[in-house]
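Coordinate inspection notes
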Amino acid sequence: MEENKQLGTAVVTGASSGLGEIFAERLAKRGYNLKLVARRKDRLDKLAAKLQSKYSIQVTNLVADLGSETDLENVVNNLKADKSITMLINNAGTSTLAPITATSVAKQKEMVDVNITALMLLSNTVLPHFIEKNEGVLINIASVLGFYSLPVSSIYSGTKGFVVQYTRGLQEELKGTNIRVQLVNPATTATEIWEVGGVPLSALDQSTIMTAEDCVDATLSGLDKGELTTHPSVNDQKIIDAYEDARNQLFGASQSGRPAERYLQN
Ligand SMILES: NC(=O)C1=CN([C@@H]2O[C@H](COP(=O)(O)OP(=O)(O)OC[C@H]3O[C@@H](n4cnc5c(N)ncnc54)[C@H](OP(=O)(O)O)[C@@H]3O)[C@@H](O)[C@H]2O)C=CC1
Ligand SMILES: N[C@@H](C=O)C(=O)O
């Protein structure tokens, strides 16, 4: 228990299945107390009971629909009052993979509410406390679809693009502090989100699918190495570096203050 007190409490959203469930297990193993958030109470209760007995940690469940303004406000207020929080993993997410004309307004809003609004408000809730203590860890789960769009992912990719840029902005804001902000861009991983999104995993090229365990372990390895951005399934570091360089170069080149020459002809 002494160790738990030191590590504090890790909040994991979307802990009732997939990556979130594995994050909860791995952090319990490391000795964190946990606060788990999701809608499915039965799953959270089962997981909490298992982790408490296996790792002698404390687990609190917050059953909440992060797409509901009232539930989100309750979670925000709960986290605001909890000074033991040392880590937040914004993992909860939802996806509908379909053209916009085949996506109901309710599903479009749900993606924005859960993937963007909840992630932003929960981050903004814990960060002042982290800043005050000059320590803490924030992990935001984006996606490869945060920097790439498919004909069926306009809205999902848009929400994950927000996560990418918002998280990069926080990294800039918190540069030079002891607060760690990690951006994670998983690719296809075997979880329930694919059924939820309307594309069964069986429809995909099986060689592209990672296990949830591998994805979480790679993410935590990236965290331990001090990475700002983790691409769990990208083997070639040179590709990641070239992408970052190109991004920085393009931004630099945009600051010329005049039209590019190709627009000045004739
Ligand atoms: N699997 C993949 O291929 C990839 C996944 N990701 C991202 O990883 C993250 C985890 O998803 P993954 O594990 O794959 O999928 P799962 O569907 O297994 O898990 C999603 C989790 O989010 C929770 N959640 C969804 N909607 C809400 C809501 N309205 N309120 C509260 N909790 C909610 C679910 O809990 P409950 O239903 O009980 O509320 C569940 O625990 C997501 O952000 C996803 O976008 C990124 C790239 C690839
Ligand atoms: N979660 C997946 C799509 O639904 C992804 O981000 O690739």
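Residues numbered from 1 in each chain as written. Chains lettered and ligands numbered in written order. Predicted model: local features only at pLDDT ≥ 70, side-chain atom pairs only at ≥ 80, totals over all residues.

As annotated in an unreviewed UniProt entry, the chain carries the name NADP-dependent 3-hydroxy acid dehydrogenase YdfG and is attributed to Mucilaginibacter jinjuensis. According to its UniProt record, the chain has this under Sequence similarities (unreviewed entry): "Belongs to the short-chain dehydrogenases/reductases (SDR) family." (UniProt positions renumbered as here; feature names shortened; annotations may be inferred.)

With parallel pairing, seven strands are arranged side by side in an open sheet as β3-β2-β1-β4-β5-β6-β7. Looking at which strands have only one partner, the edges of the open sheet turn out to be β3 (59–63) and β7 (229–230). Judged from the two bridges that link them, strand β6 (residues 179–184) and β7 form a sheet pairing that is parallel. The residue of β7 that forms the bridge with Leu183 is Thr229. Packing against the sheet, helix α2 (residues 18–30) makes contact with β1 (9–13), β2 (33–38), β4 (85–90) and β5 (136–141), and its axis sits at approximately 170 degrees to β1. Most of the contacts of helix α6 (residues 154–173) go to β6, to which it runs at about 160 degrees, and overall it touches β5 and β6. (Pairing = 2+ DSSP bridges. Helix = DSSP H or I, 4+ residues; strand = E, 2+ residues; numbered from the N terminus. Contact = placed C-beta atoms within 7 Å. Axes fitted to C-alpha atoms, helices over the stretch in contact; angles between N-to-C directions.)

For Lys50, the position within the fold is in helix α3 (residues 41–55). Considering only alpha carbons, one finds Lys50 and Thr229, 179 residues apart in sequence, at a separation of 31 Å.

With that settled, the discussion passes to unusual backbone geometry. You will see that Ser56, though not glycine, has its phi angle at about 50 degrees, which is positive. Within the secondary structure layout, Ser56 lies in the loop between α3 and β3. Ser56 sits in the exposed class, given 12 other C-beta atoms within 10 Å. In the Ramachandran plot, Asn134 falls in the positive-phi region, its phi being about 55 degrees despite a non-glycine side chain. Tracing the chain through its elements places Asn134 in the loop between α5 (105–133) and β5. (Buried ≥ 20, exposed ≤ 12 C-beta atoms within 10 Å, placed from the backbone.)

Near ligand 1 you find 29 residues, and of these Gly14, Gly18, Arg39, Arg40 and Gly93 are the closest. Those elements that place two or more of their residues in the shell around ligand 1 are α2 and α7 (193–197). A per-element tally of the shell around ligand 1 places α2 first, with three residues. Split into classes, the residues belonging to the shell around ligand 1 amount to 11 nonpolar, 14 polar and four charged. (Near = placed C-beta within 6 Å. Nonpolar A, V, L, I, M, F, W, Y, C, P; charged D, E, K, R; others polar.)

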